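Spelled out from the first residue to the last, the chains are:
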Amino acid sequence: MALDTCKAVKTCCYIREKMFAPVRTQLPCTVWSGPVWRTLSLFSSPGPSNWSKVVSDAEKIVGYPTSFMSLRCLLSDEFSNVAMHVKKLVGTQHPLLNTARGFVYDSRNNLQMRGLVVLLLSKAAGPSHTSSNPLAQDMVSGIYPSQRNLAEITELIQTAFLVHRGVVNLKELTASDGLQKDMEFGNKMAVLSGDFLLANACTGLAQLNNTEVVELISSAIGDLVQGIYYENFNNTEENNLTTQVDTTAWEEQTFLTHGALLAKSCQAAMELAQHDKKSQRLAFKYGKHLSLGHKLNSDLQPFVKSNFGEQVSFSFSAAPVVFHRHIVGPERWQQELQQAKTMRNQLDYSKLLAAIKSEKGLSSAVNLCCYHGNRALEAIRAFPSSEARSALENIASAVTKF
C-alpha cells in the first residue's frame, strides 16, 4: 500500500508539471467562442437514431456495459461523503447537479464512450506477436486487465474535467441564477469532486507500472488544460468580436479539448500490450480523427436538423459558425449579427441560421466531418478483421451520418 501511495504521489507530481508547464506558442489563440452550452454527456451523441444500437452492440463485444466503468470510484466511501454535500445543492441552479444526474441517467445512453473505444481497440489489436513477454494468459475477453484499467482511468479524467468545467463565474451571476452562497458552495463541491476523481485516476495510472503510458496520459491532461485555457480566453467579449480562425487553427484547438485524451489513450492501450510503434500510431490516428469527426457532427446538428419555423439555438464556437465567419470576414459578420437582432436587442437565431446556411461554412464543416470519419476508418482497417474492428468501423461511420 505504501508503495502504491508513493507511485501515486510521483505520478500526481509529474502530471502537475505537465498541466502547469508553459503554454506552447505554436497554436494561435484565434478560435472564437460565443455563448456556451455544456452538455451532460461525456461524449455527446452525434444524433443518428441508430447511435444507441451501435453503442449497445459494441458494449456486448467488450464484455460489459461501459456506462458502469467508473462505478467503483463513484461508490467509494470517500465519494459518498462528497455526494452527501452535493445533495445540499438540490433546489439551486448550480450546473454540478445536472452533471451528477448525467452519471446516473442519460437519455442518449452514451456515457463513457472514450472508455468503450479504448476497450474495443485493445480487443481489435489483440496480443502483440513480437513481444518477448507472454501476457496472453491474463487476457479476459481478449483484453488485458491493464487495458481495462486504462479505459477506466480515461473516463475518470474526462469526468473530472467535466465536473471542473461546471464551476460558475461568480462575477457574471444575475438575480435569476439564485443565491450567491449556493453558487459558491456548488463551486467548492465541483472543485472537490473533480479533484477526487483526478486523484483516483493518478493512483490508477501509477499502478499500471508503465512510464510510457504515464507520459502519454499526463501530456493528454496537459492538452486538456491548455485547450480549456484557450476556450476561456476566447470567450471574452473583446475576443468574440475581433478574432478570426481558419480550419487548421480550429482543428488544433479542438484536438486539445476533444481529441487528445482519446487519441493518446488509444495509443497507450497499444503500449500496454507491447505493440510496435506502427500500431500505436494507427491507434492514435483513429482516436484523433474519430474525436474530431464526432465534434463536427455534434456541432452540425442544429444546422442540419432544424426545420422552418422551429426555435433554434447554437453555440457561436460551433464549427459551421467559425468557418462561416472566416469566409465572410469580420465586417459582414457584424452586419449579419445586427440584422439578426430583434426590437428588444435579442438575437434571432433563426435569421442567423439562414445567413450561415447561405454560405459555404456549413458545407465546409460537413466535408471536414466526412474527411475525419474516413481517416478514422482508414486507420482502423489496418488492424486484423474482427468483431471489435467492425464495431469501431460502425462508430466511425456513425459520426458521418446526419
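Data block above holds the structure.
Note that the structure is a prediction, hence the values are computed from the model and not measured. (Residues numbered from 1 in each chain as written. Predicted model: local features only at pLDDT ≥ 70, side-chain atom pairs only at ≥ 80, totals over all residues. Heavy atoms only, no water.)

**What to know about the nonpolar core**
Grouped together as the largest cluster of nonpolar side chains are 62 residues, with contacts concentrated most on Leu120, Leu150, Ile157, Tyr286 and Leu290. The element contributing the most residues to this core is helix H6 (residues 113–125), with 9 residues. Ignoring sequence-local partners within four residues, the contact set of leucine 290 consists of Val117, Leu262, Ala376, Ile395, Ala396 and Val399. Core analysis: the next-biggest nonpolar cluster, separate from the first, contains 26 residues, Phe316, Ala340, Tyr349 and Leu362 among them. (Core = buried A, V, L, I, M, F, W, Y, C linked by side-chain atoms within 4.5 Å. Buried < 20%, exposed > 50% of the residue type's maximum accessible area, 1.4 Å probe, protein only. Helix = DSSP H or I, 4+ residues; strand = E, 2+ residues; numbered from the N terminus. Contact = heavy atoms within 4.5 Å.)

**A few points about the environment of glutamine 253**
By the element assignment, glutamine 253 lies in helix H11 (residues 247–272). Judged by its relative accessible area of 4%, glutamine 253 falls in the buried class. Expressed as a C-alpha distance, the spacing of glutamine 253 and leucine 224, which sit 29 residues apart in the sequence, is 9.7 Å. A polar contact is formed between the side chain of glutamine 253 and the backbone oxygen of glycine 227, at a distance of 3.4 Å. (Polar contact = N/O pair within 3.5 Å; in protein donor to acceptor, adjacent residues only side chain to side chain.)

**A few points about unusual backbone geometry**
At serine 141, a residue that is not glycine, the phi angle is positive and equals roughly 55°. Its location among the elements puts serine 141 in the loop between H6 and helix H7 (145–164). On the basis of relative accessibility, which here comes to 38%, the residue serine 141 falls in the partly exposed class. Its identity as a non-glycine residue notwithstanding, asparagine 209 has a phi of 55°, on the positive side. Considering the arrangement of structural elements, one finds asparagine 209 in the loop between helix H8 (180–207) and helix H9 (211–234). Judged by its relative accessible area of 54%, asparagine 209 is exposed.

**Structural notes on the packing of aromatic side chains**
This structure, assessed with the given rule, holds 8 aromatic pairs. Note on tryptophan 250 and phenylalanine 323: the rings are 5.6 Å apart at their centroids and 75° apart in plane angle, and the pair reads as edge-to-face. Here tryptophan 250, found in helix H11, pairs with phenylalanine 323, found in helix H13 (residues 319–328); they are 73 residues apart in sequence, far enough to count as distant. Measuring from ring centre to ring centre gives 4.9 Å for phenylalanine 303 and phenylalanine 314, while their planes differ by 40°; the resulting arrangement is tilted. Taken together, the residues span a long stretch of sequence, with phenylalanine 303 in helix H12 (residues 277–305) and phenylalanine 314 in the loop between H12 and H13 at a distance of 11 residues. There is no split in this pair, since phenylalanine 303 and phenylalanine 314 are both buried. (Phe/Tyr/Trp six-rings, centres within 6.5 Å; stacked < 30°, edge-to-face > 60°.)

**Observations regarding the packing of helix H2 (residues 51–62) against helix H17 (residues 387–398)**
Two elements in contact, H2 and H17, have axes whose closest approach is 10 Å; the angle formed by their N-to-C orientations is 160°. Regarding the angle of H2 to H17, the classification is roughly antiparallel. Crossing of H2 against H17: the hand is left-handed. On the side of H2, the interface is formed by Trp51, Val54, Ala58 and Ile61, while H17 contributes Glu387, Ala388, Ala391, Asn394, Ile395 and Ala398. Here the residues of the contact of H2 with H17 are counted per class, giving 8 nonpolar, 1 polar and 1 charged. (Axes fitted to C-alpha atoms, helices over the stretch in contact; angles between N-to-C directions. Parallel < 35°, antiparallel > 145°, perpendicular 65-115°, else oblique. Left-handed = near helix turned anticlockwise from the far one by under 90°. Nonpolar A, V, L, I, M, F, W, Y, C, P; charged D, E, K, R; others polar.)

**A few points about helix H15 (residues 349–357)**
Turn by turn, an α-helix covers 3.6 residues, leaving residues three or four places apart pointing in a common direction. Taken residue by residue, H15 has Tyr349, Leu352, Leu353, Ala355 and Ile356 as its buried positions. Buried residues of H15 fall within an arc of 160° about the axis and therefore sit on the same side. Among the structural elements, H12, H13 and helix H14 (330–339) are those in contact with the buried residues of H15. (Arc of directions from axis to C-beta.)

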